[in-house]
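Commentary on secondary and tertiary structure
One letter stands for each residue in the lines below.
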Amino acid sequence: MTRARLLLLSPTLAMIGFFLLLPVALMAVYSFLSPGTYGGVEWLLSFDAYIQFFFERDFLTDELVFHTSYLSIYFRSFVQALAATVICLLIGFPTAYFIATRPPATRSAWVLLVTVPYWVNLLIRTVSMLFVIRDEGPLNGALTAVGIVDAPLRIAYTDFAIALGLVYSYLPFMVLPIYAAIERFDFSLMEAACDLYAGRWTILRRIILPTVKPGVVAGCLLVFIPSLGAYIAPDLLGGGKNLMIGNLVALQFQGSRNWPFGAAAAVLLLSVVLVALTVLARRRALSSAGN
Amino acid sequence: MDSEQKNPAVEIRAVSKKFGRGAEQVKALDGVTLTIGDNEFFTLLGPSGCGKTTLLRMIAGFEQPDDGGIFLFGEDIKALPPHKRPVNTVFQHYALFPHMTVAKNVAFSLEMLGRAPAEIERTIGEMLALVKMEQFAARKPAQLSGGQQQRIALARALAPRPRVLLLDEPLSALDLKLRQAMRAELKTMQQQTGITFVFVTHDQEEALTMSDRIAVMSGGRVRQTGAPRDIYEKPRDSFVANFIGESNFLTVTVEKLEQDTAWCRLDGALLQCSCAGEAAGFGEARVSIRPEQISFSAGGNGGPALSGVVEGLTYLGTDTQLSVRLGDGQRLQARVQNAGREQPPPGPGERIRLKMNPGAARLLAD
């Protein structure tokens with residue numbers, strides 16, 4: 001029984017082991033080594049990568065001084081990811097609700113439409129988006145032609161553009177789990193609430209939202225976490241000057257040839273996400289035990 | 001107050017409703033008119049698809065009539081949304097809020113109505129006591145059995161003290177024993193609270209045991225309205241006679257009509273039947289007679305009395321059912337109690353004399 005189960009699971013376990021755990025472990029090890037001159041690592045134990053993240057060496061006194069340049073990149077990434085998650089939720093929830101309340105026969109067609117953007121490569125989608133929103137692009141062209149603005153709006157290469165790109169990239173991750181939750185929702189509960197003198201907003205707030213909350217939480221995590229480490233949207237739409245964590249890490253492996261530092265930045269991100277998720281899971285376990 | 005006393009609790013006036021479009025269009029309700037009195041236990045009885053649930057949902061406000069009017073204590077409520085109508089519903093599958101405790105479920109409507117916290121607390125206690133569920137206040141619905149959920153659904157719907165309580169087949173999901181116990185309790189609860197109950201069911205036994213009055217529905221129309229006894233003993237047409245209880249349908253010739261009595265010829269014998277007056281004309285017609293209304297004695301050979309030949313016997317525990325063929329070839333079922341009988345029942349092939357109580361046979365309108 002248990003052997004058969006192990007056998008069935010072995011492809012998955014092998015996959016996770018070789019392509020997830022091993023690389024992550026490697027990354028963790030690399031973060032404690034010294035950088036090689038032309039990339040790669042020297043097998044010398046060093047905590048420089050982590051020290052470099054939080055401190056810089058004063059030119060004159062050679063003392064370590066606390067600095068926030070990298071922390072601010074993390075902070076900005078969090079804000080960007082949070083903004084993208086909130087916007088995705090505001091767009092995604094009504095969309096999911098709309099799809100889940102269509103007749104069953106047409107629902108799968110709507111779900112298919114949600115996945116349409118995924119038929120085109122993310123890089124190409126992001127570049128096309130850049131073409132639309134740049135100063136000479138059709139969006140600004142239309143705005144100036146109609147006379148809403150005199151000069152082209154600065155949209156490309158701003159934080160707003162990055163948020164736009166993130167929302168566009170990850171919106172389906174918000175829609176699909178919420179849709180699944182709303183589809184399972186028993187609509188007779190809505191009738192019951194209405195029968196018991198609740199108005200529309202109260203029904204949404206007190207009946208629908210609490211019962212579909214797991215789907216909303218799943219959607220938020222699925223948008224927030226990849227947004228946090230996003231690379232393509234901030235690189236292309238932010239013009240590479242408004243760095244996010246993903247860009248910082250990529251830069252260390254490509255331009256700066258400082259693999260241990262890139263690894264350390266990635267490990268720090270991973271730790272933050274893991275700690276946050278653990279706290280969240282613990283709190284949910286506690287609250288459901290409390291009931 | 002006086003004028004309110006005179007108004008019926010619910011009045012349905014010539015309500016029609018169609019669902020679907022084009023060729024698939026279905027008439028769910030077809031000119032239904034009903035009056036439900038205050039403090040009445042009123043049952044809408046009929047097979048599935050007869051329109052009873054649509055009518056109930058219309059009183060609750062979940063469906064809009066295409067035509068006709070709905071009045072609650074004399075007030076036209078057609079334009080009011082469900083949350084503005086002083087009626088509450090016990091749903092078929094309870095529809096308890098899964099994320100709230102039992103107490104929160106019961107309190108929901110009171111919070112919506114903005115009642116004071118102390119009053120809400122008190123009402124929760126009263127309602128849970130009424131349905132004997134006090135010790136379950138802190139549970140979630142998923143931790144309750146079907147019967148317990150049913151009780152909470154009832155408490156939740158009764159908490160805001162509705163003027164009319166609508167019950168949509170609330171017992172159909174329970175097992176037989178529980179269903180029978182709940183019937184008596186529902187009836188007691190209705191009498192205790194003095195609230196008008198409108199009860200939807202397809203179970204004739206449920207309808208007969210609980211109701212003050214029953215409306216039998218089929219095909220979007222009301223076939224007959226009346227007290228359980230009238231519905232059972234004086235069915236208006238073959239649908240009602242057939243849907244409620246068992247019955248024999250016999251073809252007769254109407255010879256004489258009086259106020260509410262018809263004299264009908266059946267196989268040479270003259271039968272005193274009850275009739276609705278509006279129903280009949282002369283000539284060929286159908287009557288319904290319940291098997292237990294037919295008694296018999298040995299012998300009989302033509303003559304003015306009805307007689308027949310026993311074709312088969314079925315032992316049913318408390319009763320024995322006889323299958324009898326009349327002289328003109330029509331068959332009927334007679335049923336006699338087994339207890340207290342002195343002679344053994346007649347055997348197959350034996351000729352017996354049949355007797356029907358005067359007025360027990362009912363002349364049908366169709």
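For the structure given in this document, a descriptive report is provided here. Computed from a predicted model, the values in this text were never measured in an experiment.

Time to look at the overall build of chain B. The helix and strand inventory of chain B stands at nine helices and 20 strands. Within chain B, the fraction of its 366 residues that count as buried is 49%. Counting only carbon and sulfur atoms, one obtains 48% of the accessible surface of chain B, whose full area is about 16,600 Å².

It is worth spelling out helix H8 (residues 188-195) of chain A at this point. Here H8(A) has its buried residues at A:Leu189, A:Ala192, A:Ala193, A:Cys194 and A:Asp195. Elements in contact with the buried residues of H8(A): helix H9 (200-228) of chain A together with helix H2 (52-60), strand E6 (87-90), helix H3 (102-112) and helix H5 (146-158) of chain B. A:Tyr197 sits one or two positions beyond H8(A) and adopts a positive phi of about 75 degrees.

A few words now on the pairing of strand E16 (residues 306-315) of chain B. Residues and elements named next belong to chain B. Where E16 lies against strand E19 (residues 351-356), four bridges are found, and the strand directions are antiparallel. Bridged to Ser307 within E19 is Arg353. Of the strand pairs in this sheet, E16 and strand E17 (residues 319-326) are connected by seven bridges, and their pairing is antiparallel. Bridge pairing links Val309 to Arg325 in E17.

What follows deals with the sheet that holds strand E2 (residues 26-36) of chain B. Residues and elements named next belong to chain B. Spatially, the four strands line up as an open sheet ordered E2-E1-E4-E5, and their pairing is antiparallel. Whereas interior strands pair on both sides, the edge strands pair on one side only; in this sheet they are E2 and strand E5 (75-76). With two bridges joining them, strand E4 (residues 67-72) and E5 adopt antiparallel strand pairing. Opposite Leu72, over in E5, you have Glu75 as the bridge partner.

For the rest of this paragraph, the subject is helix H4 (residues 104-115) of chain A. Residue and element names in this part refer to chain A. When we look at burial in H4, the residues that qualify are Arg107, Val111 and Val114. Seen end-on, H4 carries its buried residues on one side only, within an arc spanning 55 degrees. Residues of H4 that are exposed and angled more than 90 degrees away from the buried face: Ala105 and Leu113. In this structure, the buried residues of H4 make contact with helix H3 (69-100) and helix H7 (159-184).

Here we come to the pattern of salt bridges. Throughout the structure, instances matching the rule amount to 27 salt bridges over all chains. The residue A:Arg107 makes a salt bridge to A:Glu183 at a minimum N-O spacing of 3.1 Å. Here A:Arg107 is found in helix H4, whereas its partner A:Glu183 is found in helix H7, with 76 residues between them in sequence. On the basis of relative accessibility, which here comes to 16%, the residue A:Arg107 falls in the buried class. Among the residues examined, A:Glu183 registers a relative accessible area of 38% and is labelled partly exposed. One salt bridge in this structure joins A:Glu136 and A:Arg134, with 3.7 Å as the shortest N-O distance. The class of A:Glu136 is exposed, set by a relative accessible area of 63%. By sharing partners, the salt bridges in this structure join A:Glu191, B:Arg57 and B:Glu63 into a single network.

Reading guide: rules and limits
- Within any chain, residue numbers begin from 1 and follow the written order of that chain's sequence.
- Whichever chain is written first is A, and whichever ligand is written first is 1; the rest continue in order.
- Totals for whole chains, interfaces and linings use all residues, but because this is a predicted model, local features are given only for residues with pLDDT of at least 70 and pairs of side-chain atoms are given and counted only at 80 or more.
- The basis for the side-chain values is all heavy atoms of the structure; hydrogens and waters are excluded.
- Runs of H or I in DSSP of at least four residues are treated as helices and runs of E of at least two as strands, each being numbered from the N terminus.
- Only protein chains enter the accessibility calculation, which uses a 1.4 Å probe; a residue whose area is less than 20% of its type maximum is buried, one above 50% is exposed, and one in between is partly exposed.
- Computed with the Shrake-Rupley method and a 1.4 Å probe, the accessible areas treat only the protein chains shown as cover for residues.
- Residue contacts are counted whenever heavy atoms from the two residues lie within 4.5 Å of one another.
- The rule for pairing is simple: two strands pair if DSSP sees at least two bridges between them.
- Working note: the arc is built from the helix axis to C-beta atom directions.
- Salt bridges are defined as contacts in which a side-chain nitrogen from Lys or Arg sits within 4 Å of a carboxyl oxygen from Asp or Glu.

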